[in-house]
Amino acid sequence: MARLLVRPHLRRMSNDPADRLARLIAASRRVVVFTGAGISTESGIPDFRSPGGVWSRMQPITFQEFTRDPAKRAEAWRRAFSGAAGWTGRRPNAGHQAVARLVQAGKVSAVITQNVDNLHQDSGIPPEKVIELHGNASYAACLDCGQRFELEDLRAPFEANGAPPVCADCGGLIKTATIAFGQAMPEGPMARAREETLAADLMLVLGSSLAVYPAAGFPLLAKEAGAELAIVNREPTPQDACAGLVLHEEIGLLMTAVVTRLYPAPQT
Ligand SMILES: [Zn+2]
């Protein structure tokens, strides 16, 4: 009789989403988390491709326009300093914090992100564990020599004379460190994302519609290489059919519950 009440049996039958994801993570040796805009919407950053998002309010400036047309370049800088994209001043939310906890516990080896908002680093994840496929909007870099520049240092000269900044070292154009439409994917992060993907036994997608390539190729690559694939996203994605677990849940609540199950607070 008592055997009918054995807890592992009941747990196997659980349909609770947090239980199911927590069990999958617990059974994995090396998890790679792949994040998209959906993890940051709970921080108040609109998905840039959704209604109300950046690209419904303004035309993107392509990399070619930026490099060839000084007026477009100046417009790009006006946008960068106006906070028009909505990511300045935002703080990490419960979803970011839960991922940081998994990294801290040694469960997650890397976070591959499509986001440019720096919120994974702001949540306490060491920068070397965050792989940014689309760059970072919180600083700038010279397109020729790669020298890093802080936005706040560039703001006053730009606002004084309206001239887009150029590199003091080499004279090259300075651009926010994001990957613009038409710009080549960053080689180093792409290579690292591939390595991490192939080394993982679980790829956990959080808040990506998996529609933008080549970034969206990494979850598929993980699956092809034999890893388990779990997708948490508000809307269905084209890769749901490939995934062993698909949850249409709010990320912050779900991931907080998952982390609480995996790492219960000590009893007091
Ligand atoms: Zn330079």
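Quick summary incoming for the structure in this document. Quantities reported herein were computed from a predicted structural model and do not represent experimental measurements.

About the thresholds
- Residues numbered from 1 in each chain as written.
- Predicted model: local features only at pLDDT ≥ 70, side-chain atom pairs only at ≥ 80, totals over all residues.
- Heavy atoms only, no water.
- Helix = DSSP H or I, 4+ residues; strand = E, 2+ residues; numbered from the N terminus.
- Buried < 20%, exposed > 50% of the residue type's maximum accessible area, 1.4 Å probe, protein only.
- Contact = heavy atoms within 4.5 Å.
- Areas by Shrake-Rupley, 256 points an atom, 1.4 Å probe, with all protein chains shown as cover.
- Axes fitted to C-alpha atoms, helices over the stretch in contact; angles between N-to-C directions.
- Parallel < 35°, antiparallel > 145°, perpendicular 65-115°, else oblique.
- Left-handed = near helix turned anticlockwise from the far one by under 90°.
- Nonpolar A, V, L, I, M, F, W, Y, C, P; charged D, E, K, R; others polar.
- Phe/Tyr/Trp six-rings, centres within 6.5 Å; stacked < 30°, edge-to-face > 60°.
- Salt bridge = Lys/Arg side-chain N within 4 Å of Asp/Glu carboxyl O.
- Donors = N, O, S within 2.8 Å, 3.2 Å for Na, K, Ca; no water.
- Tetrahedral: all angles 85-135°; square planar, octahedral: opposite > 155°, others 65-115°.
- Expected span 1.5 Å × (residues − 1).
- Polar contact = N/O pair within 3.5 Å; in protein donor to acceptor, adjacent residues only side chain to side chain.
- Pairing = 2+ DSSP bridges.

### Side note on the overall build of the protein
- For the protein, the helix and strand inventory stands at 11 helices and 9 strands.
- Sorting the 268 residues of the protein into buried and exposed places 46% on the buried side.
- Considering only contacts in the protein between residues 6 or more positions apart, those separated by 24 or more positions represent 68%.
- A total of about 13,500 Å² of accessible surface is found on the protein, and carbon and sulfur atoms cover 54% of it.

### A closer look at the packing of helix H2 (residues 17-26) against helix H11 (residues 251-262)
- Their axes nearest at 9 Å, the elements H2 and H11 cross at an angle of 55°. Here H2 is positioned oblique relative to H11, judged by the angle of their axes. Here H2 runs over H11; the crossing is right-handed. Where H2 approaches H11, its residues Pro17, Ala18, Asp19, Leu21, Ala22, Ile25 and Ala26 are matched on the opposing element by Leu254, Met255, Ala257, Val258, Arg261 and Leu262.
- Residue composition of the contact of H2 with H11, grouped by class: 11 nonpolar, no polar and 2 charged.

### Let's talk about the packing of aromatic side chains
- For the structure on display, the rule yields 2 aromatic pairs.
- For the pair Phe81 and Phe158, a centre-to-centre distance of 5.6 Å together with 40° between the ring planes defines the contact as tilted. Pair noted here: Phe81 is in helix H5 (residues 70-82) and Phe158 is in helix H8 (residues 151-161), with a separation of 77 residues, a long-range link. In terms of burial, Phe81 and Phe158 fall into one category: buried.
- Through a chain of ring-to-ring contacts, three or more aromatic side chains come together here, namely Trp77, Phe81 and Phe158.

### Section: the pattern of salt bridges
- For the coordinates displayed, the defined rule picks out 9 salt bridges.
- Its salt-bridge partner being Asp19, residue Arg261 comes within 2.6 Å of it at the nearest N-O pair. Of this pair, Arg261 sits in helix H11 while Asp19 sits in helix H2; the two residues are 242 residues apart in sequence, bridging distant segments of the chain.
- The shortest N-O distance in the salt bridge between Glu196 and Arg30 comes to 3.1 Å. With a gap of 166 residues between them, Glu196 in helix H9 (residues 187-199) and Arg30 in the loop between H2 and strand S1 (31-35) connect regions that are remote in the sequence.

### Quick word on the coordination of the zinc ion
- The zinc ion binds to the protein through Cys142 (SG), Cys145 (SG), Cys167 (SG) and Cys170 (SG); the donor distances cover 2.3 to 2.4 Å.
- Around the zinc ion sit 4 donor atoms, and with donor-metal-donor angles ranging over 97 to 120° the site reads as tetrahedral.
- Cys142 gets classed as buried once you look at its relative accessible area, which sits at 4%.
- Owing to a relative accessible area of 42%, Cys145 belongs among the partly exposed residues under this scheme.

### Regarding H5
- Under the 1.5 Å per step criterion, the end-to-end length of H5 is 18 Å for 13 residues, consistent within 8% with the ideal 18 Å.
- Where H5 is concerned, the buried positions are Arg73, Ala74, Ala76, Trp77, Arg79 and Phe81.
- The N-cap residue of H5 is Asp69: its side-chain oxygen and the backbone nitrogen of Ala71 are 2.9 Å apart.
- One or two steps after H5, the chain reaches Gly83, where phi turns positive at roughly 70°.

### So, the sheet that holds S1
- Strand order in the open sheet formed by 6 strands is S3-S2-S1-S7-S8-S9, and the pairing between neighbours is parallel. The sheet is open, and its two edges are formed by strand S3 (130-132) and strand S9 (245-247), each paired on a single side. Averaged over neighbouring strand pairs, the angle between their axes works out to 15° when direction is ignored.
- Pairing analysis gives 5 bridges linking S1 to strand S2 (residues 108-113), with the strands arranged parallel. The residue of S2 that forms the bridge with Val33 is Val111.
- Across the face of the sheet, helix H6 (residues 94-104) comes into contact with S1, S2 and strand S7 (202-206) while running at roughly 145° to S2.

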